[in-house]
Amino acid sequence: MTYTLLIDDKGKNTVTLPASLQTSGQTAVAFGSLLVPCRIVSSSALTDCVIITSDIARRLSIPFAANIHVFLTAEAVHLGPLVGILTAGFTKSLHRPVGSRSFFFAKLLAQEKQVGGFAFLFGTSHIDWENGMVNGYFYTERGWERHIVPLPTVIYNRLPNRRIENDETFQTITETLQTAYGIPVFNGHFFNKWEIYRRLASHPEAQPYLPTTAAHITWQTVEQFLARHTEAYVKPADGSLGRGIYHLTKKNNVYECRFRDEQGETKTALFPTAMALWHHLLANAPLHRYVIQQAVPLMTVNGRPTDFRVHTNKNEYGQWQVSAIAAKIAGRQSITTHMNSGGIVKTLEEIFPDTVQRETVLTRLHHAALTLSRCLDETSETLIGEIGFDLGVDKQGRIWMFEANSKPGRSIFKHPGLKEADERTALLPLAYAVHLSKTALTEPEALWP
């Protein structure tokens, strides 16, 4: 449960807890990485609030009163949690601290009232290593504010792209926060398509959802795939937003390659042999960083191929749940369903007016997404709190997984019918952060066995 944190201007060095919180000789109070000795007392007059004296609030650098969680360890009462959201691309504007992404983060941070605790946005340059403090961005009823607070209890990684994530400075800093300070970081890395495929292919429960996929593409690979499947996709292992994808087919011994040029136009090239096609791909794409994947004959809406974006999140109990589902319908002549290729988003109610049919597809998508989430979790050495899946349903009703993203895009939520899902996907990372904070403080062996 959450408690209202009240700050008392009269007393000194005291934390007063409801009697329902059974203390056992704790002699300190903590907020984030800061811990200060104090007097801990219980009061039967309190039920849903915690009172701290103003000197404690100052020493802990608590920025303002809020709804909080209370975690008890042998030596301290922990207030919070204090959740840091790590990103990059900060501007000098307090009104739009991360430019166009400020609105997304404002929606995310606004959920802290409902979840409880404190959440803030920060970059690596905002850390004061000498004093163990962070000058973070908080989103309040008054808008964005800066407050200096301790290092957080847990970190949610929202670095915007792979280039920044792979920067040696960012890697060193996140490693230091985890190892030297013991701060758990979740969704620490973008997924690599080939690595994800290899991990899932080793898990019996995930195998039925995987289209045949291969790396290290040669002309023989292209020939074998098209002989076996007729259609295939070649795509970057570290790509996103549908960029750099090639659609390959073989018809009447002619090899066809469709792709988007630099102007966004769909182009078609024909080749007499798989080797000629492979040489064409080699000239346009660094194939050592690409994968080739079996194409699946997808269900269609108004004659256009359709797949599904399914978001899963861990909740306040650390359990996976489906938080959003939407259909993505391919644009005319498009080789993918991505919105930047002319794709459009629809709710399941819009494309399945028949309730029975809708519930059947919904149940299958739910089961597949939750199974794949658990399989990825079990085969991962890092903490994962959310995943965005691109799942397809073929004409026989079988579910296929095309992609899994650890930092899923938000463009589907522009659809007015997905407002609740949008709010849910913003709330759940903070709810999982509360769970992770509690686990890190009270059962650290569960995170780092």
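Residues numbered from 1 in each chain as written. Predicted model: local features only at pLDDT ≥ 70, side-chain atom pairs only at ≥ 80, totals over all residues. Heavy atoms only, no water.

Trainee: Can you lay out the overall build of the chain for me, pointing to particular residues and giving the numbers?
Mentor: The secondary structure content of the chain amounts to twelve helices and 27 strands. Its C-alpha atoms give the chain a radius of gyration of 25 Å, near enough to 22 Å, the size a compact globule of 449 residues would have. The principal-axis extent of the C-alpha atoms belonging to the chain is close to 85 × 50 × 40 Å. Per-residue burial over the chain gives 57% buried out of 449 residues. Restricting the contact set of the chain to residue pairs at least 6 apart, pairs at least 24 apart contribute 66%. Accessible area of the chain: about 20800 Å², with a carbon and sulfur share of 50%. Positive and negative side-chain charges of the chain, numbering 44 and 41 respectively, have mean locations separated by a distance of 5 Å. (Helix = DSSP H or I, 4+ residues; strand = E, 2+ residues; numbered from the N terminus. Rg over C-alpha atoms; globule rule 2.2 N^0.38 Å. Buried < 20%, exposed > 50% of the residue type's maximum accessible area, 1.4 Å probe, protein only. Contact = heavy atoms within 4.5 Å. Areas by Shrake-Rupley, 256 points an atom, 1.4 Å probe, with all protein chains shown as cover. Lys, Arg positive; Asp, Glu negative; His and termini not counted. Charge placed at Lys NZ, Arg CZ, Asp CG, Glu CD.)

Trainee: Describe unusual backbone geometry, with residues and values.
Mentor: At the junction of Gly80 and Pro81, the peptide bond is cis and its omega measures out at 0 degrees in the coordinates. By secondary structure assignment, the location of Pro81 is in the loop between β8 (76-80) and β9 (82-86). Unusually for a residue other than glycine, Asn187 sits at a positive phi of about 55 degrees. When you line up the elements, Asn187 lands in the loop between β15 (185-186) and α6 (193-201). Judged by relative accessible area, which is 2%, Asn187 ranks as buried.

Trainee: Any details on the side chain of Thr425? Residues and values, ideally.
Mentor: By the secondary structure assignment, Thr425 is in helix α11 (residues 419-442). Of note is the side chain of Thr425, whose polar atom sits 2.7 Å from the side chain of Arg410. (Polar contact = N/O pair within 3.5 Å; in protein donor to acceptor, adjacent residues only side chain to side chain.)

Trainee: Tell me about the pattern of salt bridges, and name the residues and values.
Mentor: On inspection of all chains with the given rule, the structure shows 14 salt bridges. We note a salt bridge from Arg198 to Glu195, for which the minimum N-O separation is 3.1 Å. Of the two residues, Arg198 and Glu195 are both situated in helix α6; the distance of three residues between them amounts to about one turn of the helix. Lys328 is the salt-bridge partner of Asp307, the closest N and O atoms lying 3.7 Å from each other. Of this pair, Asp307 sits in strand β23 (residues 304-314) while Lys328 sits in strand β24 (residues 320-329); the two residues are 21 residues apart in sequence, bridging distant segments of the chain. Shared partners join several salt bridges into a network, and the residues in it are Asp307, Arg309, Lys328 and Asp390. (Salt bridge = Lys/Arg side-chain N within 4 Å of Asp/Glu carboxyl O.)

Trainee: Now, about the packing of α6 against helix α10 (residues 355-378): what can you tell me, with residues and values included?
Mentor: Two elements in contact, α6 and α10, have axes whose closest approach is 9 Å; the angle formed by their N-to-C orientations is 95 degrees. Between α6 and α10, the crossing angle belongs to the class labelled roughly perpendicular. Contacts from Ile196, Arg199 and Leu200 in α6 reach Leu372, Cys375 and Leu376 in α10. Of the residues that constitute the contact of α6 with α10, the class distribution is five nonpolar, no polar and one charged. (Axes fitted to C-alpha atoms, helices over the stretch in contact; angles between N-to-C directions. Parallel < 35°, antiparallel > 145°, perpendicular 65-115°, else oblique. Nonpolar A, V, L, I, M, F, W, Y, C, P; charged D, E, K, R; others polar.)

Trainee: Lay out empty space enclosed by the protein in plain terms, naming residues and giving numbers.
Mentor: Inspection of the entire model under this criterion finds four cavities of 30 Å³ or more. The volume enclosed by the largest cavity comes to roughly 140 Å³. The set of elements that each furnish at least two residues to the lining of the largest cavity consists of α6, β21 (290-294) and β27 (399-405). No other element matches β27, which puts five residues into the lining of the largest cavity. (1 Å grid on protein atoms, 1.4 Å probe; cavity = no way out; pocket = protein on both sides within 12 Å on 5 of 7 lines; lining within 4 Å. Points joined across faces, edges and corners; volume = space filled by probe spheres on them.)

Trainee: Can you explain the sheet that holds strand β20 (residues 266-271)? Please cite residues and give values.
Mentor: Within the open sheet, the six strands sit side by side as β16-β21-β17-β18-β19-β20. Their pairing is antiparallel. In this open sheet, the two strands that pair with only one neighbour each are β16 (213-215) and β20. Pairs of neighbouring strands in the sheet enclose a mean axial angle of 20 degrees, with direction left out of account. Examined bridge by bridge, strand β17 (residues 231-236) and β21 share five bridges and lie antiparallel to one another. (Pairing = 2+ DSSP bridges.)

Trainee: Any details on the environment of Asn67? Residues and values, ideally.
Mentor: By the secondary structure assignment, Asn67 is in strand β7 (residues 67-72). Separated by 207 residues in the primary sequence, Asn67 and Ala274 place their C-alpha atoms 63 Å from one another. Discounting residues that sit within four places of it in the chain, Asn67 has contacts with Tyr3, Thr4, Lys113, Gly116 and Gly117.

Trainee: Describe the packing of aromatic side chains, with residues and values.
Mentor: With the rule as written, the count across this model stands at 15 aromatic pairs. Relative to Phe122, the ring of Phe120 has its centre 5.5 Å away and its plane inclined at 45 degrees; by these criteria the two rings are tilted. Comparing Phe120 with Phe122 shows no difference in burial state: the two are buried. Where Phe186 meets Tyr432, the ring centres are 5.0 Å apart and the plane angle is 80 degrees; that geometry is what we call edge-to-face. Separated by 246 residues along the polypeptide, Phe186 in strand β15 and Tyr432 in helix α11 bring together distant segments of the chain. (Phe/Tyr/Trp six-rings, centres within 6.5 Å; stacked < 30°, edge-to-face > 60°.)

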